[in-house]
Amino acid sequence: MNDPRVLTGIGVSPGSVIGPAYIVQWGLPDVPHRAVTAEGVPGELKRLRDAIAAVKDHLQELKRRTAEVAGPSQAKIFDTQILMLEDPEFLGAVEGLIEDNQLSAERAFEYQTLEMRALWEQSDSPTLRQRRADLAGIGIRVLHRLLGRSVEDVLTRPGATPVIVFTRELTPGLTVEFDREHVAGFASVEGTRTSHAAILAHGLGIPCVMGLVGGLDRVRQDGIVILDGTRGTVIIDPTPQEIADAEVVADRRRRLEVELEEVVDQPAITVDGIRVSLRGNVDLPEELDAAATHGAEGVGLLRTEFLVLGRAELPGEDEQAAYFQRVAQRFPGQPVVVRTYDLGGDKFPAAFRPPREANPFLGWRAIRVCLDEPDIFRTQARAVLRAQIEGNVQLMLPLVTSLEELYRARELIAESSDALRQEGVEAAQTVPVGVMIETPAAALLAEEFARESDFLSVGTNDLTQYTLAVDRGNARLADRFTPFHPAVVRSLQQIVDAGRAAGLEVSVCGEMASDVRAVLLLLGMGYRVLSVSPPRLPLVRWLLRRLDHGAAESVAAEVSKASTTGRVIELLREGIADLVDADLLSLA
Ligand code: PEP
Ligand code: MG
């Protein structure tokens, strides 16, 4: 255990690669002191504006390049940095430092960037913490430019051998700054699964590990490393045996890929004939293709937050209706579950001034925002009702804790429907309304929610976070954040029992549904619908086609009696090993 050559972190983009380490010093440069006279102030202001304009041009260029290699939604990630560089409050503060304190442009920009960073670190908002890398990205670029260096001077380009890039902080720009074929993997000390750079690395299909514990000090420039973005590990100076093992795993993964491909059009039916529906979780429009080609039977979770991020204002009804219609047309006759905005922290459009909160995960977010600002909810409800005529569109409410929230949402939907009818707009009269069970309150009231809603869907990411009081994005707590904790396991059983007793469909749409061990458990508990991120669909289908439902039920019954996480995992591991090739566990 605790081999100092093995660094552990969070695997944010899967796949394993072997190659030389390429350590990038991508940080804020040292800014030398330089006196500025009163006469020099206008010159400094001009230098600042020129540098910002040049960096904005470069970011636009990166955005264009990203759109080409990863699609327009991924490219929108750069809007955050561009908007930061246009923020009058931020720029006004930098200019104020130049004018009032006679600081050089670079000193003033550095000061303001560091101040904002410190503020965001204190803020405790997970989204602000994630956006620190965006701030660092503009800080690095503007400061280097003011010091007379271009990005090309700072970054030596890797040669022809694909390298594994190591950096303290992986900014979104750095992710796309190199040519795709020269980079085999990324590793960083800072960062979480939901940071912009992680999303980009995933979109580009480059394995990536973030939140590396143990730091970079042990990694040598050009030293060989093995990076495993599935498990979230980096092995420094691997032994010949470790390299051979990694190659075996890579080879097995390739063979598994072939097997997965073979069943892509087959239904997910267990060996004893139990049918499970597999749907896709779609965050960005680009993922629709992947969901369809991987055989998704509809969209079990259509996240709508991307519609507002990086935007100056909320999208209107027409734009949303067009998007939902497009998704419905892509999955004719199959369910498309639109989740209303799960906004929170700084996940708001730029023009919306959210409150500062000491505890954003327990704050004004998700359904709370939508019900307090009913026009936001009505716009989404109207768009869903309009799209419903194109297919089987359904509406789902996030972070519900009380029945009153469901009643109020239904009232707003009914009002929206009446208004559409009076206006003569073509739309469905009603839409199935489901509740996400992702808080302990909703889990405890599952029977009531099952009576009052049309379907239930378990958000295991938040259900785990709130049941265990463990921040889902905190790298230090990653070991403690597990849906295999007996408290979460028992909750899951109660939810499915409540839903099925009321004759409702109960699905799982959290990350858990794509974990091999969880698939066995959820099947055994009685879940018949799983919604997973599109790249995981083939594996889950392949696995279900090998499982025996009767055996899964026995495992689930044993698991429900376990009182520690360790025991739950042990039982599931044994259960899987009995049913499928145990090597699978080493791959997934
Ligand atoms: C969840 O919480 O499990 C979920 C699916 O929602 P999100 O990850 O978007 O919070
Ligand atoms: Mg959630």
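Residues numbered from 1 in each chain as written. Chains lettered and ligands numbered in written order. Predicted model: local features only at pLDDT ≥ 70, side-chain atom pairs only at ≥ 80, totals over all residues. Heavy atoms only, no water.

(A) The overall build of the chain, seen in detail. A count of helical and extended segments in the chain gives 25 helices and 16 strands. For 588 residues, the compact-globule estimate of 2.2 N^0.38 gives 25 Å, and the chain sits close to it at 25 Å. Overall size of the chain, expressed as C-alpha extent along the three principal axes, is 80 × 70 × 40 Å. Looking at the chain as a whole, 55% of its 588 residues qualify as buried. Across the chain, contacts joining residues at least 24 apart in sequence account for 70% of those joining residues at least 6 apart. (Helix = DSSP H or I, 4+ residues; strand = E, 2+ residues; numbered from the N terminus. Rg over C-alpha atoms; globule rule 2.2 N^0.38 Å. Buried < 20%, exposed > 50% of the residue type's maximum accessible area, 1.4 Å probe, protein only. Contact = heavy atoms within 4.5 Å.)

(B) Here's a closer look at the coordination of the magnesium ion (ligand 2). Donor atoms from the polypeptide that bind the magnesium ion (ligand 2) are Glu-438 (OE) and Asp-462 (OD), placed at 2.1 to 2.2 Å. Separated by 24 residues along the polypeptide, Glu-438 in the loop between strand E13 (433-437) and helix H17 (440-444) and Asp-462 in helix H19 (residues 460-468) bring together distant segments of the chain. You can call Asp-462 buried: its relative accessible area is 2%. (Donors = N, O, S within 2.8 Å, 3.2 Å for Na, K, Ca; no water.)

(C) Inspection of helix H3 (residues 77-86) at higher detail. Judged by how many residues are buried, H3 sits mostly within the fold: 8 of 10 residues are covered. Where H3 is concerned, the buried positions are Ile-77, Phe-78, Asp-79, Thr-80, Gln-81, Ile-82, Met-84 and Leu-85.

(D) A look at the nonpolar core. If you look at the biggest cluster of nonpolar residues, it comprises 105 residues, and the most contacted ones within it are Phe-377, Ile-495, Leu-522, Tyr-527 and Leu-530. Of the residues forming this core, the biggest block, 8 residues, is contributed by helix H21 (residues 516-525). There are two domains that each give this core at least three residues, and those are domain 3 (268-277 + 432-588) and domain 4 (298-428). Residues within four places of Leu-530 in sequence aside, it is in contact with Val-276, Ser-277, Leu-278, Arg-279, Val-508, Ala-513, Val-519, Leu-522 and Val-540. Membership of the second largest hydrophobic core comes to 55 residues, among which are Ala-105, Trp-120, Leu-143 and Phe-186. (Core = buried A, V, L, I, M, F, W, Y, C linked by side-chain atoms within 4.5 Å. Domains from an automatic or database assignment.)

(E) Region of interest: the site of ligand 1. Residues in close proximity to ligand 1 total 13 residues, the closest being Arg-303, Arg-339, Gly-459, Asn-461 and Arg-472. Between Thr-460 and ligand 1, the recorded distance is 3.1 Å, taken from a backbone N or O atom to an oxygen atom. A distance of 2.7 Å is found between an oxygen atom of ligand 1 and a backbone nitrogen or oxygen belonging to Asn-461. Notes on ligand 1: free accessible area 290 Å², of which the protein chains cover 94%. Per-element accounting of the shell around ligand 1 gives the leading share, 3 residues, to H19. Each of two domains, domain 3 (268-277 + 432-588) and domain 4 (298-428), supplies a minimum of three residues to the shell around ligand 1. (Near = heavy atom within 4 Å. Polar contact = N/O pair within 3.5 Å; in protein donor to acceptor, adjacent residues only side chain to side chain. Areas by Shrake-Rupley, 256 points an atom, 1.4 Å probe, with all protein chains shown as cover.)

(F) Fine view of unusual backbone geometry. Positive phi outside glycine occurs at Gln-102, with the angle close to 50°. Among the structural elements, Gln-102 can be located in the loop between helix H4 (88-101) and helix H5 (105-123). Of the residues examined, Gln-102 reaches a relative accessible area of 35% and is grouped as partly exposed. The residue Ala-366 is not glycine, and still its phi comes out positive at about 50°. Residue placement: Ala-366 occurs in the loop between strand E11 (335-339) and helix H14 (367-372).

(G) Seen up close, the packing of helix H1 (residues 41-70) against H3. Where H1 meets H3, the closest approach of the two axes is 10 Å, and the angle between their N-to-C directions is 165°. When the axis of H1 is compared with that of H3, the two are roughly antiparallel. The two elements H1 and H3 cross, and the hand of that crossing is left-handed. The residues of H3 that touch H1, namely those facing Ile-52, Val-55, Lys-56, Leu-59, Gln-60, Leu-62, Lys-63 and Thr-66, are Phe-78, Asp-79, Gln-81, Ile-82, Leu-85 and Glu-86. (Axes fitted to C-alpha atoms, helices over the stretch in contact; angles between N-to-C directions. Parallel < 35°, antiparallel > 145°, perpendicular 65-115°, else oblique. Left-handed = near helix turned anticlockwise from the far one by under 90°.)

(H) Broad picture of the side chain of Arg-365. As for its position among the elements, Arg-365 is in the loop between E11 and H14. Of note is the side chain of Arg-365, whose polar atom sits 2.8 Å from the side chain of Tyr-466.

(I) The packing of aromatic side chains, seen in detail. According to the stated counting rule, one finds 3 aromatic pairs in the structure shown. Relative to Tyr-323, the ring of Phe-306 lies with its centre 5.4 Å away and its plane at 75°, an arrangement referred to as edge-to-face. Of the two residues, Phe-306 is situated in the loop between strand E10 (299-302) and helix H13 (317-330) and Tyr-323 in helix H13; the sequence distance between them amounts to 17 residues. Residue Phe-306 is classed as buried on the basis of its relative accessible area of 14%. An aromatic cluster is defined as three or more aromatic residues linked by ring pairs; in this entry it consists of Phe-306, Tyr-323 and Phe-324. (Phe/Tyr/Trp six-rings, centres within 6.5 Å; stacked < 30°, edge-to-face > 60°.)

(J) Region of interest: the state of the cysteines. Tallied over the entire structure, the rule returns 0 disulfides. In this model Cys-509 remains outside any disulfide bridge; the closest cysteine sulfur is found in Cys-370, 16 Å from its own. Under the relative-accessibility criterion, Cys-509 is labelled buried at 2%. (Disulfide = S-S within 2.5 Å.)

(K) Region of the structure containing helix H7 (residues 132-146). Taking 1.5 Å per residue as the helical rise, H7 with its 15 residues ought to reach 21 Å, and the 21 Å between its terminal C-alpha atoms agrees with that figure. Most of H7 is tucked away, with 14 of its 15 residues classed as buried. Of the residues trailing H7, Gly-148 is marked for its positive phi of about 85°. (Expected span 1.5 Å × (residues − 1).)

(L) Structural context of the pattern of salt bridges. Applying the stated criterion across every chain yields a total of 38 salt bridges. Glu-44 serves as the salt-bridge partner of Arg-47, at 2.9 Å between the closest nitrogen and oxygen. Taken as a pair, Arg-47 and Glu-44 lie in helix H1 at a separation of 3 residues, close to a single helical turn. One salt bridge connects Arg-49 with Glu-95, and the closest N-O pair in it is separated by 3.1 Å. Highlighted residues: Arg-49 in helix H1 and Glu-95 in helix H4, separated in sequence by 46 residues. Salt bridges sharing common partners tie together Glu-317, Asp-318, Arg-382, Arg-386 and Glu-423. (Salt bridge = Lys/Arg side-chain N within 4 Å of Asp/Glu carboxyl O.)

(M) Spatial organisation of the sheet that holds strand E2 (residues 16-23). Spatially, 7 strands are ordered E1-E5-E4-E3-E2-E6-E7 in a closed barrel, and the strand pairing comes out mixed. Going from strand to strand, the sheet's axes swing by 35° on average, the running direction of each strand aside. The pairing of E2 with strand E3 (residues 163-167) spans 3 bridges and is classified as parallel. Bridged to Ala-21 within E3 is Ile-164. Each of strand E1 (6-13), strand E4 (183-188) and strand E5 (208-213) touches helix H10 (residues 196-204); the most contacted strand, E1, lies at about 75° to it. (Pairing = 2+ DSSP bridges.)

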